[in-house]
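Now for the letters of each chain:
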Amino acid sequence: GPGGPTRLRLQRPTVVSFGTAINVCAKGSRWEESSLLLRDMIWALVETNQVCCDAAMSAFERGRSWEQAMQLVDGMCARSLEPGQFTRLAMLSSCEKTLQWE
């Protein structure tokens, strides 16, 4: 009550909170943090979605991290999440920017 101890109520992370954080990292070209957030999302048992994957892929593209981009697509496929057109184009762009075609 009033004047009593304040208790913090921690909320369980959601796909929205993770997606927002990943998107902020992407806009700041912070691909390492985007990658860690995706990993944490899986560990927290929060289901990944296309929006989160697209945001992470954007960070990987901006950071020219073609390896992370390829791993993301592999991970999406392993979780039966079909990479959308944006994801595929950003992955190709990331590879092109670093001239790392395999």
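Parameters and conventions
Residues numbered from 1 in each chain as written. Predicted model: local features only at pLDDT ≥ 70, side-chain atom pairs only at ≥ 80, totals over all residues. Heavy atoms only, no water. Core = buried A, V, L, I, M, F, W, Y, C linked by side-chain atoms within 4.5 Å. Buried < 20%, exposed > 50% of the residue type's maximum accessible area, 1.4 Å probe, protein only. Helix = DSSP H or I, 4+ residues; strand = E, 2+ residues; numbered from the N terminus. Contact = heavy atoms within 4.5 Å.

Core analysis: the biggest nonpolar cluster contains 20 residues, and Ile 22, Leu 38, Met 41, Ala 56, Met 57, Phe 60 and Leu 72 have the highest contact counts within it. Elements supplying a minimum of two residues to this core: α1 (15-27), α2 (31-43), α3 (50-62), α4 (66-78) and α5 (85-98). With six residues, α3 is the single largest residue contributor to this core. Discounting chain neighbours no more than four positions away, the residues touching Leu 38 are Ile 22, Thr 48, Ala 56 and Leu 72.

As a further point, take the environment of Glu 47. Positionally, Glu 47 belongs in the loop between α2 and α3. Note on Glu 47: relative accessible area 67%, which makes it exposed. C-alpha of Glu 47 to C-alpha of Val 15: the two residues are 32 residues apart in sequence and 6.7 Å apart in space. If we ignore the near neighbours within four places in the chain, the residues touching Glu 47 are Val 15 and Met 41.

All we've got here are geometric facts, nothing functional implied.
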